[in-house]
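Analysis of the macromolecular model
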Amino acid sequence: MPEFVSNGVILHYIDEGQGEPFIFLHGLGGDTKQILTSFDQDPKIRLISLDMQGHGQSQVDWDNYNFSTLADDVINLMDMLKLDKVSIGGISMGAAVSVNLALRYPKKIKKLLLVRPAWTDKSMDSDKIRLFSLEAEYLKNNDRQGFVNTEEYMALKNKSLYSAGSFSGGFNTKASLEHYDKFKILPAQSPFTNVEELHNIEIPTLILACKRDWVHPYEYGEYYQQHIKNSILKELPDKDSDAKKHRELLNFYIKEFLNDGERF
């Protein structure tokens, strides 16, 4: 897996295909494997992604750990690859970084894709911050059993087996066991600070969201659709009810958007 240096931090990335460049960013606790297992390559699309700081094989600078730093890493990757303008999207945390990029570097983005956004102009809800922080504390001691026995985890499991599995899956990931502080830091932050900022985005935007998704509320998809003028919202089945259909529609909507955006 190739690497590059962004502000003194070594980051790993993937660059596959020969079509139009599309940078697709993973979620909190994920890495490029999440992208490769979610998105089927298309001959018209050059798929680019990176293990963001504190994820996958990448290093981390905790003194400057925020959404703007993660966004700057993407710009530095573009510069290294000599890409002036690309389509950019992300899942959950990756969607938050993508919004930050759209607000700060609009001339570098051709199209914007937000998949299951988990942040707005505010931090996550207090109950989500609490659960992520709790996960970090148990990751620190590599105590998976202790975490899954907490009342908070059991309550989440009753809401969504998929979401519960995503949280407990961190104990199988070296990067989460080593860099658990990301679960304390990012949920308590926001990718931007004022909803009025979204009104300045003129980039064609596709938003994909699920109903009955506790971590990624459908209302957040509606929020972005309401405030980004050139946007459209499409519903995906939640992964608990139909994970296969979720993946199929994810690929369908993304490829239609990237390859033939006029239809949206």
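Residues numbered from 1 in each chain as written. Predicted model: local features only at pLDDT ≥ 70, side-chain atom pairs only at ≥ 80, totals over all residues. Heavy atoms only, no water.

Before going further, it helps to examine empty space enclosed by the protein. On inspection of all chains with the given rule, the structure shows 2 cavities of 30 Å³ or more. Of the volumes computed, that of the largest cavity is approximately 60 Å³. Considering the residues around the largest cavity, the lining is formed by Arg116, Ser160, Tyr162, Ser163, Arg212, Asp213, Asp238, Lys239 and Asp240. Those elements that place two or more of their residues in the lining of the largest cavity are helix 7 (161-168) and helix 11 (239-259). Per-class residue counts for the lining of the largest cavity are 1 nonpolar, 2 polar and 6 charged. (1 Å grid on protein atoms, 1.4 Å probe; cavity = no way out; pocket = protein on both sides within 12 Å on 5 of 7 lines; lining within 4 Å. Points joined across faces, edges and corners; volume = space filled by probe spheres on them. Helix = DSSP H or I, 4+ residues; strand = E, 2+ residues; numbered from the N terminus. Nonpolar A, V, L, I, M, F, W, Y, C, P; charged D, E, K, R; others polar.)

The subject of this paragraph is the side chain of Ser160. By the secondary structure assignment, Ser160 is in the loop between helix 6 (151-159) and helix 7. With relative accessibility at 4%, the residue Ser160 sits in the buried group. A distance of 2.5 Å separates a polar atom in the side chain of Ser160 from a polar atom in the side chain of Asp240. (Buried < 20%, exposed > 50% of the residue type's maximum accessible area, 1.4 Å probe, protein only. Polar contact = N/O pair within 3.5 Å; in protein donor to acceptor, adjacent residues only side chain to side chain.)

Grouped together as the largest cluster of nonpolar side chains are 64 residues, with contacts concentrated most on Leu50, Val97, Leu101, Trp119, Leu198 and Tyr224. The contact partners of Leu101, leaving out residues within four places of it in the chain, are Leu25, Ala71, Val74, Ile75, Ile88, Pro106 and Ile109. Counting residues in each nonpolar core, the second largest holds 19 residues, with Leu47, Leu206, Leu250 and Leu258 among its members. (Core = buried A, V, L, I, M, F, W, Y, C linked by side-chain atoms within 4.5 Å. Contact = heavy atoms within 4.5 Å.)

Turning to unusual backbone geometry, a few remarks are in order. We note that Ser92 has phi near 55°; this positive angle belongs to a residue other than glycine. When its relative accessible area of 8% is taken as the criterion, Ser92 is described as buried. Phi at Arg116 takes a positive value of approximately 50°, unusual for a residue other than glycine. For Arg116, the position within the fold is in the loop between strand 6 (109-115) and helix 4 (126-140). By relative accessible area, which is 5% here, Arg116 ends up buried.

On to the packing of aromatic side chains. All chains considered together, the criterion is met by 14 aromatic pairs. Taking the centre distance of 6.1 Å and the plane angle of 50° together, the rings of Tyr138 and Phe147 count as tilted. Here Phe147 falls in the buried class, since its relative accessible area comes to 0%. A cation over an aromatic ring shows up here: Lys111 above the ring of Phe257, its NZ or CZ 5.5 Å from the ring centre. Taking the ring centre of Phe39 as reference, the NZ or CZ of Lys255 above it sits at 5.4 Å. (Phe/Tyr/Trp six-rings, centres within 6.5 Å; stacked < 30°, edge-to-face > 60°. Lys NZ or Arg CZ within 6 Å of the ring centre and 35° of its normal.)

Interpretation in functional terms is not warranted from these geometric data alone.
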